[in-house]
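Residue-level structure breakdown
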Amino acid sequence: MKTRAAVAFAPKQPLEIVELDLEGPKAGEVLVEIMATGICHTDAYTLDGLDSEGIFPSVLGHEGAGIVREVGAGVTSVKPGDHVIPLYTPECRQCKSCLSGKTNLCTAIRATQGKGLMPDGTTRFSYKGEPIFHYMGCSTFSNFTVLPEIAVAKIREDAPFQTSCYIGCGVTTGVGAVTNTAKVQVGDNVVVFGLGGIGLNVIQGARLAGANMIVGIDINPDREEWGRKFGMTHFLNTKGMSRDEVVAKVVEMTDGGADYTFDCTGNTEVMRTALEACHRGWGTSIIIGVAEAGKEIATRPFQLVTGRNWRGTAFGGAKGRTDVPKIVDWYMDGKIEIDPMITHVLSLEEINKGFDLMHAGESIRSVVVF
Ligand SMILES: NC(=O)c1ccc[n+]([C@@H]2O[C@H](COP(=O)([O-])OP(=O)(O)OC[C@H]3O[C@@H](n4cnc5c(N)ncnc54)[C@H](O)[C@@H]3O)[C@@H](O)[C@H]2O)c1
Ligand SMILES: N[C@@H](CCC(=O)N[C@@H](CSCO)C(=O)NCC(=O)O)C(=O)O
Ligand SMILES: [Zn+2]
Ligand SMILES: [Zn+2]
C-alpha cells in the first residue's frame, strides 16, 4: 500500500512529505492508521544528528495514537478497529527483563529496533525502491505504520487521538518518572529542571503524588506561568546563574536540598546541578533528558559518598501494554491534564513548523493530525 509520511532523508534537513510504499504486517505485526502524533524533543535531537543511534533516511515520530487496520498471522491481543498507542518501549511479558519485575525495559526486540528495522531484520517502508528505516519501533510521522504486536497498547475508544497521543511519550514519561521511578511520597520536596513537554508532566505527577514544594527551574521566563498551571509552587529562572549559585539557592529554598530532582533538559551540566541540589544523605536525582552523542555526566564522587543517588528513567518506568491504558483512564477521569499542554495542532504538511516552535521555546507540545 501507499502512505503519506514526513521523511527524514538526512540530518539537519527539514522533513519531506512524500508518498511511501508500505508492506503489510507480517506474522506477529499490526498495521496501524496513525490519527495523531506529538513532536517530542527526542525527534528533534535525532533529526539534528545528535543521536548516536540515528539512522537516515527514516520516518521519525514515536508519540502517536491510531486504529489497527490489519493484523498479521498469529496476532491475538488486538484486532482491526481497536484504538492503540504505539510503544517505543514494548512489553513482551516473556523476556528476562519483563519477567524480572524490576524494569520496564523489555529486551525482546531492542536490537533490531535500534537499527531501524522490524524484528525480522527488514524494513516495511520504501521510497522509489530504496529502504526507508523505522524509528524507535514506531515511525508515527507516517499516516500508516507497521508495529510488532508487543509494541501496541490497546486503549479505550472514547479517548480523543489528538490528546491521547501525548501519552505515547511525554505524559507517561513525566508522570511515570514521579510515580514509578522516584516513587515520590506525600510531603516530599521536588525540583524539576526544564519545564517543557516532559517537565510539566513531572510537575503534574508530583502534584498527583502529594509533593510539598514543587520547584520549577528554567531559563525561559515564560515557563513560570506554565509550571504554575500544573502545580508548581516555586519558580527559579537560572539564566546567567552558575552551578554553585543554583545549588545554593535550591538548598536554601528546600531546607538542605531536594528529596527528588528531575532533569528534563538533556543538558549534562544541568544533570550535575540537579544531582548536587539533592539533600545530603538521601536525595535522588532522576535523569530523564536525553543527552547529545558524546556527552558525559560528571560530579565529585563525594556527592554520592554523602548519600545522593543518581538514577535514570525511560518512558517513566511504565510497562506499556499494562500501564498506558490506565494512564488514558487517568486522563479521561480528569486525574491528569493534557489538553492545555497541546499548544499547536498542525497538518502533516506543517510538521517542520512544529520543530521550529519547539526550538524557539514557543510550544509545549505540537501535535500533527492526519
Ligand atoms: N527518558 C525518556 O524516556 C524521555 C522521554 C521523552 C523525552 N526525553 C528527553 O527529555 C528532554 C525534554 O524533552 P521535552 O520534549 O520536554 O523538550 P522541550 O524542548 O519541550 O523542553 C525542554 C525545556 O528545558 C528548558 N531548558 C533548556 N536548557 C535549560 C537549562 N540549561 N536550564 C534549565 N532549563 C533549560 C527549555 O527552556 C525547555 O523549557 C529531552 O532531552 C528529551 O529528549 C526523554
Ligand atoms: N538512542 C539514544 C538514546 C535515546 C533514549 O535514551 N531514548 C529513551 C526514550 S526518549 C523518548 O523521547 C529510551 O527509551 N531509552 C531506552 C532505550 O532506548 O532502550 C542513544 O543512543 O543515546
Ligand atoms: Zn519522546
Ligand atoms: Zn519483554
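Look up: the structure comes first, before these words.
Below, the structure is looked at part by part.

About the criteria used
Residues numbered from 1 in each chain as written. Chains lettered and ligands numbered in written order. Predicted model: local features only at pLDDT ≥ 70, side-chain atom pairs only at ≥ 80, totals over all residues. Heavy atoms only, no water. Donors = N, O, S within 2.8 Å, 3.2 Å for Na, K, Ca; no water. Helix = DSSP H or I, 4+ residues; strand = E, 2+ residues; numbered from the N terminus. Buried < 20%, exposed > 50% of the residue type's maximum accessible area, 1.4 Å probe, protein only. Contact = heavy atoms within 4.5 Å. Near = heavy atom within 4 Å. Polar contact = N/O pair within 3.5 Å; in protein donor to acceptor, adjacent residues only side chain to side chain. Axes fitted to C-alpha atoms, helices over the stretch in contact; angles between N-to-C directions. Left-handed = near helix turned anticlockwise from the far one by under 90°. Nonpolar A, V, L, I, M, F, W, Y, C, P; charged D, E, K, R; others polar. Pairing = 2+ DSSP bridges. Tetrahedral: all angles 85-135°; square planar, octahedral: opposite > 155°, others 65-115°. Phe/Tyr/Trp six-rings, centres within 6.5 Å; stacked < 30°, edge-to-face > 60°. Areas by Shrake-Rupley, 256 points an atom, 1.4 Å probe, with all protein chains shown as cover.

What about the coordination of the zinc ion (ligand 3)?
- The coordination sphere of the zinc ion (ligand 3), as far as protein atoms go, consists of Cys-40 (SG), His-62 (NE2) and Cys-169 (SG), spread over 2.1 to 2.4 Å.
- Every donor residue of the zinc ion (ligand 3) comes from the same chain, spaced as C-x21-H-x106-C. Placement of Cys-40 in the loop between β3 (29–38) and α1 (41–47) and of Cys-169 in the loop between α4 (161–164) and α5 (170–182) is noted, with a sequence separation of 129 residues between them. Side by side, Cys-40 and Cys-169 carry an identical accessibility label, which is buried.

Some thoughts on the environment of Met-358
- Checked against the element boundaries, Met-358 lands in helix α12 (residues 351–359).
- When the C-alpha positions of Met-358 and Val-324 are compared, they lie 25 Å apart, and in sequence the two are 34 residues distant.
- What Met-358 contacts, discounting residues up to four positions off in sequence, is Ile-39, Cys-40, His-41, Ala-44 and Ser-363.

Brief notes about the site of ligand 2
- Neighbouring ligand 2 are 13 residues, the closest being Thr-42, Asp-51, Ser-52, Glu-53 and Arg-110.
- The contact in question runs from an oxygen atom of ligand 2 to an N or O atom on the side chain of Tyr-45, over 3.4 Å.
- In the environment of ligand 2, a nitrogen atom lies 2.8 Å from a nitrogen or oxygen atom belonging to the side chain of Glu-53.

Side note on the packing of helix α8 (residues 243–253) against helix α9 (residues 268–276)
- Interaxial distance between α8 and α9 falls to 9 Å at its minimum, and their mutual angle equals 35°. Regarding α8 and α9, the two cross each other, and that crossing is right-handed. Judged by residue contacts, Arg-243, Val-246 and Val-247 of α8 engage Glu-269, Arg-272, Thr-273 and Glu-276 from α9.
- Residues that form the contact of α8 with α9 fall into these classes: two nonpolar, one polar and four charged.

A closer look at the pairing of strand β8 (residues 144–148)
- The buried fraction of β8 is high, at five of five residues.
- Of the two faces of β8, both are covered, the one formed by Phe-144, Val-146 and Pro-148 as well as the one formed by Thr-145 and Leu-147.
- In the sheet, β3 pairs with β8 via five bridges, with the strands oriented antiparallel. Within the sheet, the bridge partner assigned to Glu-33 lies in β8 and is Phe-144.

What to know about the sheet that holds strand β1 (residues 2–7)
- Taken in spatial order, the four strands make up an open sheet running β1-β2-β6-β7, and their pairing is antiparallel. Edge positions in the sheet fall to β1 and β7 (130–132), since each of these pairs with one other strand and no more. Looking at each pair of strands side by side, their axes are set apart by 50° on average, direction ignored.
- Two elements, strand β2 (residues 16–22) and strand β6 (residues 125–127), share two bridges in a ladder whose sense is antiparallel. From the neighbouring strand, Leu-22 faces β6, where its bridge partner is Phe-125.

Section: the coordination of the zinc ion (ligand 4)
- At 2.3 to 2.4 Å from the zinc ion (ligand 4) lie its protein donor atoms, namely Cys-92 (SG), Cys-95 (SG), Cys-98 (SG) and Cys-106 (SG).
- The site at the zinc ion (ligand 4) holds four donor atoms, and with the angles between them running 106 to 116°, its shape is tetrahedral.
- In the primary structure, the donors to the zinc ion (ligand 4) are separated according to the pattern C-x2-C-x2-C-x7-C.
- Taking the relative accessible area as the measure of exposure, Cys-98 reaches 11% and is therefore buried.

Observations regarding the packing of aromatic side chains
- Taken as a whole and assessed by the stated rule, the structure comprises four aromatic pairs.
- Aromatic side chains Phe-9 and Tyr-127 sit 5.6 Å apart centroid to centroid with 55° between the ring planes, which places their arrangement in the tilted category. Of this pair, Phe-9 sits in the loop between β1 and β2 while Tyr-127 sits in strand β6; the two residues are 118 residues apart in sequence, bridging distant segments of the chain.
- On the basis of relative accessibility, which here comes to 22%, the residue Tyr-127 falls in the partly exposed class.
- Aromatic pair Tyr-88 and Phe-315: ring centres 5.0 Å apart, planes at 55°, arrangement tilted.

A few points about the site of ligand 1
- Near ligand 1 there are 28 residues, and of these His-41, Thr-42, Ile-198, Asp-218 and Ile-288 occur at the shortest range.
- Contact between ligand 1 and Val-290: an oxygen atom at 3.0 Å from a main-chain N or O atom of the residue.
- Thr-313 is positioned such that a nitrogen or oxygen atom in its backbone is 2.9 Å from a nitrogen atom of ligand 1.
- Taken by itself ligand 1 offers 870 Å² of open surface, and the protein chains cover 87% of this.
- Its residues assigned to classes, the shell around ligand 1 comprises 13 nonpolar, 12 polar and three charged.

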